[in-house]
Every structure is written in C-alpha cells, then in structure tokens.
Amino acid sequence: MTKSPAKAKPQKSNADWWRGAVIYQVYPRSFQDTDGDGIGDLKGVTERLPYIASLGVDAIWLSPFFTSPMADMGYDVSDYCDVDPMFGTLADFDAMMAKAHDLGLKVIIDQVLSHTSDQHPWFKESRTSRDNPKADWFVWAAAKPDGTAPNNWLSVFGGPAWEWDGVRKQYYMHNFLASQPDLNFHNREVQEALLDAVRFWLERGVDGFRLDTVNYYFHDKELRDNPAHMPDSEEAGLDAPDVNPYGMQSHLYDKTQPENIGFLKRFRTLLDQYDGRTSVGEVGDGARSLRTVAAYTAGGDKLHMCYTFDLLGPDFTPNHIRHCVDAFHKSVADGWVCWAFSNHDVHRHVSRFAQNADEREAVAKLAISVLSTLRGSICLYQGEELGLPEAELAFEDLTDPYGIRFWPAFKGRDGCRTPMPWVSTTDHAGFTTAAKPWLRVPAEHAALAVDTQDGKEGSVLEHYRQTLAFRKAHAALTDGDMEFLDLDEDVLAFTRKKGEDRLLFVFNLRGGPQEVKLPQRIAIKELVGMPGLSGSLVDGVVLVEAQDGFCARI
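Quick caveat: nothing in here was measured; it's all calculated off a predicted structure.

### Quick word on the overall build of the chain
Working step 1: When helices and strands are counted, the chain shows 14 helices and 21 strands.
Working step 2: For 554 residues, the compact-globule formula gives about 24 Å, and the C-alpha radius of gyration of the chain, at 24 Å, lands near that figure.
Working step 3: Its C-alpha atoms give the chain principal-axis dimensions of roughly 80 × 50 × 50 Å.
Working step 4: Looking at the chain residue by residue over its 554 residues, the buried ones come to 61%.

Pasting the structure below:
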C-alpha cells in the first residue's frame, strides 16, 4: 500500500439503497475543467454536484481518475491508490466525497482490476526477470517453437492478445491494449494486493464500486485455444463491433473462468465489513452474459448487481426490450440488474434510436420514461438528460485507440465522450477556459447546453427531473414486481406492483399512433399523470400517439 487511507465519517444509510437506485455516470475528463488545461477534474465534479443532485438521482459513478499514462483514458492504471495529477489530488477527492454526501449522493468509483498499465510498478518489476518476487503476477507464457504466440487468443482492441517481451523472452497476455497487461488472478498475492486497494477506497468512504470487465479476471491455466464462433450458436461474439475479428471466436478460455466465483466471494466479504456498500459488475460475455450475471449475482454472496450490453445496442423496440428484461428475470432468480441505454463506451442512444434529427427530443424523453419504469436499478450517462446526440468527429480529432485502430469502419468511443455543455453562449460551452479542450464541443451540443434547458418547461432536462421524481414517488418502481402483457399491438406494455401501488404502463415506440385493447383482467381504477405521457383511455381502449405512453392505476 503506497498511501494511508483517510478515515471517512460513516454514512447512515439503508443497506439496500442501491436496489432500484438511479445512478449518474460522470466521465471526469469531460465534465468540468476548473484549472484551464482543457481536461475535466475532480474540483469540477465537486462544483457541479448540486446540478447532479437537482436531477433527483441517488448516486454518482465516477469513471477512472487514478494515476495513469492515459493510453486508454485511465483504464490503464499505474497506481490504484492515488489520483492522477490531471484530475487533482486525494484531498480533492475527499472534498468531492464530502460534498456529495452532504447533498445526499452516494459515490461509486470504477475499479479496473483485470489489468494494469505497463507503467505500473508491479509490471515493471515482473518483466525484469523470470524469478523476481512479482514474476508470476502477470500472465506470462513461452512462445511456440516457431516463435508465434502461445495460443490463438485475441485482444478486444485488435490483433493477438499476446505481446513479446525481449527481457524475459516470453509473451505476456493483454485482453485490451498491449500496454494493459493482464494480472494473474491465479496468484493469491495478486488477489490480496487488489483487495488492499479496494479497502483503501472503502476507508475513504466510497459507497460502492463498478467493476470493469468483471468476467475477464481469470484465464484458463492450460492456455487452450478458443474455438471458432459458430454463427448460430449461443456463444455468439457480441462484445465487439462486427469489423473486429474478436467476434470470430467463442471465448471459452480467455475469460469467464469458474475460479472467478471464488474471488468475487472474497470481494463481497470485504465489502460486507463496511455498512451500506454496493458493487455493480460489467459483464461482456456475448450471448452467455445472462448466465454469467446469474452466476455472479446469485446467493447474495458475490456481486450486488451487474449490467450487460443488452440495451446498449441499436434496437429500441418493444420485442427487444421485453426479451432482454424477461430473459434477465428468468435467468437470474435472486440477483439484481442495472439497466442503461448509454455509457462511455457506446454511441449515445438518441443517435442510435432516432430515425432522424427531428425525432431526437421525443426519443430522449420516451427513452427515460421507459428506462425509469423497468425493474432494476438504472444508470444515466452524463449529457443524456440534455438529449445530446453522438458527436461527429474527424479522424484527426480522435484520441480513442480503439477507434483509431478500426477507423473508418468503427469510429470508436470519442463521439460519446465529448465535454459536457453548460453554457451555450461561452467558448466550449462553459466546459473550460482553455484555448482548446481535449475534445471539441460540437455546436449542436452547445445549443442543448444546461442553461438553455434548466427551468424550461417541456425541455428534455426538465422531463428527466420530473420523470425521476415520479419514479421515486412510486414504491412499485423501486423494486416492485413486473409482468409483461401479451397484446396484439406492437407496444411495450407491463404492470409494476408492490403492495397497494399497482401501475400499468403502455409505451408506443413507433412513429405512428396506436389503439390498444387491454385484456379483460386489467381493470383500470384511474389514470395516472406520468410526466410527458399523453395517452388516453376511451371505451376501454388505450390511445397512444407516436413515441408516447400511457400510465394508469390498476
């Protein structure tokens, strides 16, 4: 441990606060710059916390702010227990934590445990020889007799998952960039060191962790080749765009190994030593994701909740949403899910779901109405509450190694990571006073800045606030039961029930109006005014306009 953790004042809270919570993801690099270097920082997060609290969310999730060479924008960590100077200091983090807690916000931080940066002291020592104290802390393997890599495993970011090291005369494994070597979780010392790092942040008062690539921790000890992906199999490679050969393999051996269960139990045991802490795992496991989520969340002794990529694709249809939600609840009997339409790794959902620019505002409002009524916790990504579309960037503007590698077929993740627009009439929309931010703010984003929507009735921002308040006001939407209705019409219809709070929702995701005949067993007591929905009931038939919805008490 390189630093002593500061003891934080314990937070009084319900241990299950995370169940049904609304989490707001902050990408610190793009949220608010306070020192004029064109890059967001922790002081900027602190400055804008009142805005986040005004949305009515329960927690923030901070993307990585740890010491890093930033080859993968902080997901290549070189010190798990410090803040990168780009973002500030540990004192800045503590101040941010205190302010968040004063505002009633929980704080969840990323933990990137599957791999480090090649600049981490652990890896620097590991690569010096085959017999140093940390020689076995990473995944090293001999070359085949012909000098090629130990097996056929591929990197998510393109090319082989192996990099040759001339000092050790061995290959090391990397699931992502070559500068992100994978830790060897089969080594108990590695697990202990990582749990120590987690404990460091728990002692500082962090309320929870989002575990990056949680199913990538262990690899097959025998280094067996992955089989080819069979196009019609359930082992489909859905974790990378189709321009990436990563999807041509069924990833049976390079991730999602059975030993991971044991480590997650150790992780949970540590969290349970602290009151009111939570965890959410990112599971990228193709069509097997739900099985993996079930294994990782069942029994109450591993992760509190997980999320998958199911709703992060292009489909915004009743059938797709119902299939994803139904499949989760059928597969995961006693686990919990966190739903999201956007995050820092995918194109913004307004651009994915809207057929044209004219539809964006309506789609933005409808999407949060749907998301806020699903059973599970939900996660919002900064800027979606403004209806921001994906930013169009030129190749020379890119910083994302993934996008640079696969351009132009795949443009990467920079388009969803551009700076948050605060003030429409100032340079860079109030994000920074620097001459040039790390990514430019598109003019169409500046036009949607916070100051243009704050307090404006009918704006996407105010719709988010009202919708989240509606969710919080109804116990059924926090953790009530959910049942889909089988109807002839192409609508998303379901009930949410908890005690006497029994609600019916009908959402029309299509571009034209629909008339919906309800089953006889559904008896409507009264219409409920959910913000932004204008559906009506006439002679037992629900009338819903295009991209609209209906809510009633039953």
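### Considering the packing of helix α4 (residues 188–203) against helix α5 (residues 260–271)
How two helices pack is summed up by the angle between their axes together with the distance between the axes.
Working step 1: Interaxial distance between α4 and α5 falls to 11 Å at its minimum, and their mutual angle equals 30°. Taken together, the axes of α4 and α5 are roughly parallel relative to one another. Relative to α5, α4 is oriented so that their crossing is right-handed. On α5, the residues that touch R188, Q191, E192, L195, V198, R199 and L202 of α4 are F263, R266, F267, L270 and L271.

### Some details on helix α2 (residues 90–102)
Working step 1: Look at α2: 18 Å from first C-alpha to last across 13 residues, which is about the 18 Å you get at 1.5 Å a residue.
Working step 2: Of all the residues in α2, the buried ones are L90, D92, F93, M96, M97, A100 and H101. Projected onto a plane normal to the axis of α2, the buried residues spread over an arc of 165° and lie on a single side. Turned more than 90 degrees off the buried face of α2, the exposed positions are A91 and D102.
Working step 3: The secondary structure elements touched by the buried residues of α2 are α1 (42–54), β2 (59–62), β4 (79–83), β5 (106–111) and α4.
Working step 4: Positive backbone phi, at 80°, marks G104, one or two positions downstream of α2.

### Some words on the state of the cysteines
Working step 1: This structure, assessed with the given rule, holds zero disulfides.
Working step 2: Looking at the unpaired C338, the closest cysteine sulfur is the one in C379, lying at 5.1 Å.
Working step 3: Free cysteine C416: the closest other cysteine sulfur is in C379, separated by 13 Å.

### Re the pairing of strand β9 (residues 208–211)
Working step 1: What you see with β9 is no split at all: G208 and R210 on one side and F209 and L211 on the other are buried throughout.
Working step 2: Of the pairings in the sheet, the one linking β5 to β9 comprises four bridges and is parallel in character. Pairing of D110 across the sheet is with R210, part of β9.
Working step 3: Pairing analysis gives four bridges linking β9 to strand β10 (residues 278–282), with the strands arranged parallel. In the sheet register, L211 faces β10, and the bridge partner there is G281.

### Structural notes on the sheet that holds strand β6 (residues 140–141)
Working step 1: Pairing within the open sheet is antiparallel, and its three strands lie in the order β6-β8-β7. The open sheet has two edge strands with one neighbour each: β6 and β7 (162–165).

### Notes on unusual backbone geometry
Working step 1: P408 follows W407 through a cis peptide bond whose omega is 0°.
Working step 2: By the secondary structure assignment, P408 is in the loop between α10 (401–406) and α11 (443–446).
Working step 3: One non-glycine residue, M70, lies in positive phi territory at about 65°.
Working step 4: Assignment of secondary structure puts M70 in the loop between β3 (66–67) and β4.

### Concerning the environment of S68
Working step 1: Here S68 lies in the loop between β3 and β4.
Working step 2: S68 gets classed as buried once you look at its relative accessible area, which sits at 9%.
Working step 3: Of note is the side chain of S68, whose polar atom sits 2.8 Å from the backbone nitrogen of M70.

### As for the environment of E396
Working step 1: Among the structural elements, E396 can be located in the loop between β13 (377–381) and α10.
Working step 2: By relative accessible area, E396 is classed as exposed at 67%.
Working step 3: Considered as a pair, E396 and R277 are 119 residues apart in the sequence and their alpha carbons are 42 Å apart.

### Quick word on α5
Working step 1: In this model, α5 (twelve residues) spans 17 Å end to end at C-alpha, consistent with the 16 Å of a helix rising 1.5 Å per residue.
Working step 2: Among the residues making up α5, those that are buried are N260, F263, L264, F267, R268, L270 and L271. One face of α5 carries all of its buried residues, which in axial projection span an arc of 155°.

### Observations concerning the pattern of salt bridges
Working step 1: Summed over all chains, the structure comprises 32 salt bridges.
Working step 2: Across the salt bridge formed by R413 and D72, the nearest N and O atoms sit 3.0 Å from each other. Placement of the pair is R413 in the loop between α10 and α11 and D72 in the loop between β3 and β4, with a sequence separation of 341 residues.
Working step 3: Take R413: its relative accessible area is 7%, and that puts it in the buried class.
Working step 4: Since its relative accessible area comes to 5%, D72 is described here as buried.
Working step 5: A salt bridge links R465 to E462, with the nearest nitrogen and oxygen atoms 2.7 Å apart. In this pair, R465 and E462 are both assigned in helix α13 (residues 460–473), three residues apart and thus about one turn of the helix distant.
Working step 6: When salt bridges with common partners are traced through the structure, they connect D72, D345, D400, R413 and R417 into a single cluster.

### Thoughts on the pairing of strand β17 (residues 514–517)
Working step 1: Residue alternation in β17 divides its side chains into a buried set, Q514 and V516, and an unburied set, E515 and K517.
Working step 2: In this sheet, strand β20 (residues 541–544) lies alongside β17 in antiparallel orientation, the contact comprising four bridges. Along β20, the bridge assignment pairs E515 with L543.

### Remarks on the sheet that holds strand β16 (residues 501–508)
Working step 1: In space, the five strands of this open sheet follow the order β14-β15-β16-β21-β18, with antiparallel pairing throughout. With one partner strand each, in any of the chains shown, β14 (481–484) and β18 (526–527) form the two edges of the open sheet.
Working step 2: Across six bridges, the pairing between β16 and strand β21 (residues 548–553) is antiparallel. Bridge pairing links L504 to A552 in β21.
Working step 3: Against the sheet, helix α9 (residues 360–371) engages β15 (492–498), β16 and β21, with an angle of about 145° to β16.

What counts and what doesn't
Residues numbered from 1 in each chain as written. Predicted model: local features only at pLDDT ≥ 70, side-chain atom pairs only at ≥ 80, totals over all residues. Heavy atoms only, no water. Helix = DSSP H or I, 4+ residues; strand = E, 2+ residues; numbered from the N terminus. Rg over C-alpha atoms; globule rule 2.2 N^0.38 Å. Buried < 20%, exposed > 50% of the residue type's maximum accessible area, 1.4 Å probe, protein only. Axes fitted to C-alpha atoms, helices over the stretch in contact; angles between N-to-C directions. Parallel < 35°, antiparallel > 145°, perpendicular 65-115°, else oblique. Left-handed = near helix turned anticlockwise from the far one by under 90°. Contact = heavy atoms within 4.5 Å. Expected span 1.5 Å × (residues − 1). Arc of directions from axis to C-beta. Disulfide = S-S within 2.5 Å. Pairing = 2+ DSSP bridges. Polar contact = N/O pair within 3.5 Å; in protein donor to acceptor, adjacent residues only side chain to side chain. Salt bridge = Lys/Arg side-chain N within 4 Å of Asp/Glu carboxyl O.

Limitation: the analysis is restricted to geometry and does not speak to function.
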